[in-house]
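Results of the structural survey
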Amino acid sequence: MKKVTGSALILLLVLCLGSIASAEEKKAVPDSKAKPAPVEKIEQGAEKQGVPVMVIHSGDDVLGGTLALKLKEYFRKSVLFTLAGKEGKAVRVIIESRSEFNERPEIGSVYSVVWTFAESEGVVPFYLKQELGLVNSRNVENSAAGLMNTTDKVTGEYKYLFE
């Protein structure tokens, strides 16, 4: 009698596990007749969260201007940063550039970048970091990406300023 009861319990356990597994499979397969869940729309007024950054460029060379525009484009596309206006806390990336050779400006440009932090436009900014570099038409995108990476490191180091 014990052998029959033991076999019956094992059979009952296998049947229970089989019905649980088939119920899980049914949950995993979506019902083809069911309507898809509505996708929540993001409000157009909602602003992207990220570290506010402002890019300021001065210089009359084309490559330096291109570098500043590429950097702004990268910040605009990034989830880590948001382009800031003149009011409010922001890291300011100040780029000063000049042609490397006045006779042939298309060869390259020399640039200087200074990172500062300011509470708003009328407040004296705090110096954070500076960097010098050369840019040409072949490396302008890589230079902009490098400046963005440096900005990420600087904002990570001074993140307490945004609290």
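Residues numbered from 1 in each chain as written. Predicted model: local features only at pLDDT ≥ 70, side-chain atom pairs only at ≥ 80, totals over all residues. Heavy atoms only, no water.

**A closer look at the packing of aromatic side chains**
We describe a pair of aromatic rings using the distance from one ring centre to the other and the angle between the two ring planes. The criterion, for reference: When two rings of Phe, Tyr or Trp (its six-membered ring) have centres within 6.5 Å they constitute a pair, described as stacked for plane angles under 30 degrees, edge-to-face for angles over 60, and tilted for the intermediate range. Only protein chains enter the area calculation, which uses a 1.4 Å probe; residues under 20% of their type maximum are buried, those over 50% are exposed, and those in between are partly exposed. Each helix is a run of DSSP H or I of at least 4 residues and each strand a run of E of at least 2, with the numbering of both proceeding from the N terminus.
Counted by the stated rule, this structure contains 3 aromatic pairs. Centroid distance F75 to F81: 4.9 Å. Interplanar angle 65°. Geometry classified as edge-to-face. Each member of the pair, F75 as well as F81, is classed as buried. Seen in terms of ring centroids, F117 and F162 are 5.2 Å apart; in terms of plane orientation they differ by 80°. Their pairing is edge-to-face. On the criterion of sequence distance, the pair formed by F117 in strand β4 (residues 109-118) and F162 in the segment after α3 (140-157) is long-range, its members being 45 residues apart. Overall, the relative accessible area of 1% leaves F117 in the buried class.

**Quick look at helix α2 (residues 62-77)**
Every α-helix winds through 3.6 residues per turn, so residues three or four apart in the chain are directed the same way. The cut-off we apply is this: By this rule, a helix spans an expected 1.5 Å times one less than how many residues it contains. Residue contacts are defined here by distance: any two heavy atoms, one from each residue, within 4.5 Å place the two residues in contact. The definition of a polar contact used here is a pair of N or O atoms within 3.5 Å, where within protein one atom must be able to donate a hydrogen and the other to accept one, and adjacent residues in sequence count solely through side-chain atom pairs.
Between its first and last C-alpha, α2 extends 22 Å over 16 residues, near the 22 Å set by a 1.5 Å rise per residue. Those residues of α2 that fall on the buried side of the exposure criterion are L63, G64, G65, L67, A68, K70, L71 and F75. Buried residues along α2 sit in contact with β1 (51-58), β2 (81-83), β3 (90-99), β4, β5 (126-135) and α3. The N-cap residue of α2 is D61: its side-chain oxygen and the backbone nitrogen of G64 are 3.0 Å apart.

**As for the pattern of salt bridges**
Basically, it comes down to this: By definition here, a salt bridge exists when the distance from a side-chain nitrogen of Lys or Arg to a carboxyl oxygen of Asp or Glu is within 4 Å.
Per the stated rule, a full pass over the model turns up 4 salt bridges. The salt bridge involving K77 is made with E73; its shortest N-O contact spans 3.2 Å. Of the two residues, K77 and E73 both sit in helix α2, 4 residues apart, roughly one turn of that helix. Across the pair E96 and R98 runs a salt bridge whose closest N-O atoms are separated by 2.8 Å.

**With respect to the environment of G59**
When you line up the elements, G59 lands in the loop between β1 and α2. When the C-alpha atoms of G59 and S109 are compared, they prove to be 10.0 Å apart, with 50 residues separating the residues in sequence.

**Section: the nonpolar core**
Operational definition: Definition of nonpolar core: a set of buried residues of the types Ala, Val, Leu, Ile, Met, Phe, Trp, Tyr and Cys, connected through side-chain atoms within 4.5 Å.
Residues L71, F75, V93, I95 and W115 are the most contacted members of the largest nonpolar core, which totals 23 residues. Broken down by secondary-structure element, the contributors of at least two residues to this core are β1, α2, β3, β4, β5 and α3. Beyond its immediate sequence surroundings of up to four residues, I95 is in contact with V55, I56, H57, S58, A68, L71, Y111, S112 and V113.

**Quick notes on the packing of α2 against α3**
Our working definition: For helices, the fitted axis covers only the stretch in contact; all axes are lines through C-alpha atoms, and the angles between them, taken along N-to-C directions, range from 0 to 180 degrees. Orientation categories follow fixed angle ranges, with anything under 35 degrees roughly parallel, anything over 145 roughly antiparallel, 65 to 115 roughly perpendicular, and all other angles oblique. Handedness of each helix crossing follows the sense of rotation of the near helix against the far helix: counterclockwise by less than a right angle gives left-handed, clockwise gives right-handed. Under the scheme applied here, ten amino acids are nonpolar (Ala, Val, Leu, Ile, Met, Phe, Trp, Tyr, Cys and Pro), four are charged (Asp, Glu, Lys and Arg), and all others, including Gly, are polar.
As a packed pair, α2 and α3 sit with axes 9 Å apart at the nearest point and diverge in direction by 50°. On the basis of the axis angle, α2 is oblique to α3. Here α2 runs over α3; the crossing is right-handed. Listed contacts from α3 to L63, T66, L67, K70, L71, Y74 and F75 of α2 are V140, E141, S143, A144, A145, L147, M148 and T151. In terms of residue class, the contact of α2 with α3 is made up of 10 nonpolar, 3 polar and 2 charged.

**Topic: the confidence of the model for the protein chain**
Rules: Known as pLDDT, the predictor's confidence for each residue is given on a scale from 0 to 100.
Mean pLDDT over the protein chain: 80, with 71% of residues reaching 70 or higher. Counted against residues more than four places away or in other chains, residues 39-46, with its pLDDT under 50, gives 0 contacts.

**Digging into the sheet that holds β1**
Strand pairing in a sheet relies on backbone hydrogen bonds. The paired strands run either parallel or antiparallel. Selection criterion: Strand pairing requires that DSSP identify at least two bridges connecting the strands.
In spatial order, the strands read β2-β1-β3-β4-β5; together these 5 strands make up an open sheet with mixed pairing. Looking along the sheet, the strands with just one partner apiece sit at the ends: β2 and β5. Strand-to-strand twist of the sheet, defined as the mean angle between neighbouring strand axes without regard to direction, takes the value 25°. Relative to β2, β1 runs parallel, the two being bridged by 3 bridges. Counted as the bridge partner of V51 is F81 from β2.

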